[in-house]
Amino acid sequence: MGESKRIPVGIIGASGYGGVQLVKLLLEHPNVEIVYLGGKDSAGKLYSDIYPHLGHRVNFTIEPIDTDVIAARCQAVFLGLPNGLACDLAPPLIAKGVKVLDLSADYRFKDLQTYTRWYNKDRTDGETAVKAVYGLPELYREEIKSASLVGCPGCYPTASLMALSPLLKQGLIVPETAIIDAKSGASGGGRQGKINLLLSEADGSFGAYGVAKHRHTPEIEQVCSELAGHEVRVQFTPHLIPMVRGILATVYATLRDPGLVRDDILTIYSAFYRSSPFVKILPNGTYPQTKWACGTNLCYIGIETDDRTDRVIVLSAIDNLIKGQAGQAVQCLNLMMGWEETLGLPQLCFYP
Ligand SMILES: NC(=O)C1=CN([C@@H]2O[C@H](COP(=O)(O)OP(=O)(O)OC[C@H]3O[C@@H](n4cnc5c(N)ncnc54)[C@H](OP(=O)(O)O)[C@@H]3O)[C@@H](O)[C@H]2O)C=CC1
Ligand SMILES: CC(=O)N[C@@H](CCC(=O)OP(=O)(O)O)C(=O)O
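None of the values given here were measured: they were computed from a predicted structure.

> With reference to specific residues and values, describe the site of ligand 2.
Close contacts around ligand 2 come from Asn-83, Ser-104, Ala-105, Gly-154, Cys-155, Ser-184, Gly-188, Gly-189, His-216, Pro-238 and Leu-240, and that covers them all. Class assignment of the residues belonging to the shell around ligand 2 gives a composition of four nonpolar, seven polar and no charged. Both domains that furnish three or more residues to the shell around ligand 2 are identified here as domain 1 (3-131) and domain 2 (155-319).

Pasting the structure below:
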């Protein structure tokens with residue numbers, strides 16, 4: 001595709017971590033051209049003043065958010081905003097024919113009452129929300145291809161669901177026994193001044209938060225229930241780990257058939273993800289490290305069984321800002337535009 005065929009795209013929330021990942025990925029994407037960067041407090045600022053390391057590649061000024069201007073300029077727009085804002089912006093954009101990829105939780109839920117309960121915001125955009133597709137290509141690839149509005153999954157749900165989905169879809173586990181123990185780097189909290197993310201709080205320490213009440217729980221349960229064919233409750237515990245990026249999710253569940261061994265499950269996972277270019281199933285006895293996924297759109301999965309406890313243990317590692325956020329959104333855009341799913345998305349990490 002030549003330069004003139006690039007589609008014009010915008011990024012709202014460009015000054016945030018999701019925004020800057022998108023800028024990097026889209027600058028290197030052969031089929032898009034960034035034509036609009038939007039924000040609130042950052043409006044009027046030169047992008048290179050916020051991110052001087054990009055000064056040699058970008059000459060943008062962040063603009064105030066104006067849906068008429070966005071619709072006039074952009075064919076697709078990424079919303080990288082705090083929860084509760086996209087649901088006001090997406091309806092006018094969708095009505096004007098712009099494809100919307102939302103990185104927040106606003107369009108992840110089928111049942112808006114569940115959203116309101118967990119996110120404490122009433123919704124009046126039901127007509128728009130009903131069009132939204134959950135942006136996990138490994139599960140909803142066909143639906144994403146024809147979507148105009150994609151609610152990209154949270155970082156923890158991405159890591160958790162990549163590990164759990166084959167087990168639930170194939171009925172291999174007792175669903176209610178699933179326990180997800182996940183660890184995230186600090187960039188998962190965004191580019192804001194939060195006390196728990198300060199170096200002096202987070203460095204050299206490691207702890208859980210949101211135990212039995214993290215807002216990603218209902219999102220994970222929504223998809224698990226769909227896969228299992230009945231309502232499923234999971235136990236999800238997130239932890240903040242003193243590193244910048246990456247999530248490792250360790251999932252434990254009781255096998256329905258205790259005779260199932262690791263090799264059988266590896267075969268099932270390989271078949272389940274055979275058309276998913278970003279999923280790497282690790283061979284026997286290899287367990288993923290977050291470092292392998294960092295900077296890439298990959299999800300590494302390792303599997304073990306324990307014949308003493310009749311449990312399966314599945315580990316998945318992603319980069320929370322790429323496969324867990326901006327990269328996944330670009331993967332969805334590729335599908336929505338009918339392009340190769342892997343276009344413009346890194347598959348080799350910066351190592352060590
Ligand atoms: N970080 C992660 O690992 C992941 C995050 N997400 C989700 O993606 C979204 C973006 O996250 P992240 O990039 O980390 O967030 P950041 O905190 O890094 O950035 C938030 C952005 O939102 C803009 N913003 C904040 N308030 C407003 C407002 N009232 N009106 C307009 N713009 C506003 C800010 O722009 P300005 O400075 O101009 O005000 C900033 O660019 C969130 O919904 C988050 O939950 C999803 C998956 C993973
Ligand atoms: C380490 C850290 O703080 N992580 C964030 C996850 C961010 C995310 O994915 O949130 P959304 O669902 O709102 O998009 C958290 O637990 O709140």
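> Kindly report on the sheet that holds strand β6 (residues 133-134), identifying the contributing residues and their values.
With parallel pairing, seven strands are arranged side by side in an open sheet as β3-β2-β1-β4-β5-β7-β6. In the strand order of this sheet, the two ends are held by β3 (63-64) and β6, each with one partner. As paired elements, strand β2 (residues 32-39) and β3 share two bridges and run parallel to each other. What sits directly across from Gly-38, in β3, is Glu-63.

> Any details on the nonpolar core? Residues and values, ideally.
If you look at the biggest cluster of nonpolar residues, it comprises 98 residues, and the most contacted ones within it are Val-77, Ile-301 and Ala-329. For this core, the two domains that each supply at least three residues are domain 1 (3-131) and domain 2 (155-319). Ignoring sequence-local partners within four residues, the contact set of Ile-301 consists of Met-162, Ala-163, Tyr-269, Val-279, Lys-280, Ile-281, Leu-282, Pro-288, Val-314, Leu-315 and Ser-316.

> Run through the site of ligand 1, naming residues and quoting values.
Lining the immediate environment of ligand 1, one finds 30 residues, of which Gly-16, Gly-18, Gly-39, Ser-104 and Gly-190 sit closest. Those elements giving two or more residues to the shell around ligand 1 turn out to be α1 (17-27) and α13 (322-336). Among the elements that make up the shell around ligand 1, the one with the highest residue count is α1 (three residues). When its residues are assigned to classes, the shell around ligand 1 shows nine nonpolar, 18 polar and three charged.

> Account for the UniProt feature "domain: Semialdehyde dehydrogenase NAD-binding" (unreviewed entry) in the protein chain, naming residues and giving values.
What UniProt calls "domain: Semialdehyde dehydrogenase NAD-binding" (unreviewed entry) maps, in this numbering, to residues 8-147. Secondary structure over residues 8-147 splits into 38% helix and 18% strand, and the C-alpha atoms at its two ends are 18 Å apart.

> Please provide a residue-by-residue account of the pairing of strand β4 (residues 76-79), values included.
Residues in a regular strand point their side chains to alternate faces of the sheet. What you see with β4 is no split at all: Ala-76 and Phe-78 on one side and Val-77 and Leu-79 on the other are buried throughout. Pairing analysis gives four bridges linking strand β1 (residues 7-12) to β4, with the strands arranged parallel. By the bridge assignment for β4, Ile-12 is matched with Leu-79. Looking at chain direction, β4 and strand β5 (residues 99-102) are connected through four bridges and run parallel. Paired with Phe-78 across the two strands is Leu-101, which belongs to β5. Handedness of the crossover is the feature at issue here: the chain leaves β4, passes through helix α4 (residues 86-95), returns alongside β5, and the resulting connection is right-handed.

> So, the domain arrangement of the protein chain: which residues are in play, and what are the values?
Examined at the domain level, the protein chain breaks down into domain 1 (3-131) and domain 2 (155-319). Computed from C-alpha atoms alone, the centre-to-centre distance between domain 1 and domain 2 is 27 Å. Opposite the nine residues of domain 1 that make contact, domain 2 presents seven residues. Per-element tally for the side of domain 1 that touches domain 2: the top contributor is helix α5 (residues 112-119), with three residues. Here the residues of the side of domain 1 that touches domain 2 are counted per class, giving five nonpolar, two polar and two charged.

> Let's hear about the UniProt feature "active site" (unreviewed entry) in the protein chain: which residues, and what values?
Annotation from UniProt places "active site" (unreviewed entry) at Cys-155. You can see Cys-155 is positioned in helix α8 (residues 155-169). When the 29 C-beta atoms within 10 Å are taken as the criterion, Cys-155 is described as buried. Sequence-distant contacts of Cys-155, defined by excluding residues within four places in its chain, comprise Ser-184, Gly-188, Ile-247, Asn-320, Gly-324 and Gln-325.

> Could you give an account of the pairing of strand β14 (residues 311-318), naming the residues involved and the relevant values?
Across the eight residues that make up β14, a large majority, six, are buried. Alignment of strand β11 (residues 247-254) against β14, held across eight bridges, turns out to be antiparallel. Within β14, the residue paired with Tyr-252 across the bridge is Ile-313. As paired elements, strand β13 (residues 299-306) and β14 share seven bridges and run antiparallel to each other.

> Break down the confidence of the model for the protein chain for me, with residues and values.
In the predicted model, the protein chain carries a mean pLDDT of 97, and the fraction of residues at 70 or more is 99%. Predicted complex, confidence summary: ipTM 0.98, pTM 0.98.

> Describe in detail the sheet that holds strand β10 (residues 235-240), supporting the description with residues and values.
One open sheet holds the seven strands; their spatial order is β9-β10-β8-β11-β14-β13-β12, and the pairing between them is mixed. Where the open sheet ends on each side, the last strands, each with one partner, are β9 (207-208) and β12 (279-281).

Analysis parameters
Residues numbered from 1 in each chain as written. Chains lettered and ligands numbered in written order. Predicted model: local features only at pLDDT ≥ 70, side-chain atom pairs only at ≥ 80, totals over all residues. Near = placed C-beta within 6 Å. Nonpolar A, V, L, I, M, F, W, Y, C, P; charged D, E, K, R; others polar. Domains from an automatic or database assignment. Pairing = 2+ DSSP bridges. Helix = DSSP H or I, 4+ residues; strand = E, 2+ residues; numbered from the N terminus. Core = buried A, V, L, I, M, F, W, Y, C linked by C-beta atoms within 7 Å. Buried ≥ 20, exposed ≤ 12 C-beta atoms within 10 Å, placed from the backbone. Contact = placed C-beta atoms within 7 Å. UniProt positions renumbered as here; feature names shortened; annotations may be inferred. Right-handed = clockwise from strand over helix to strand, strands pointing away. pLDDT = per-residue confidence, 0-100.

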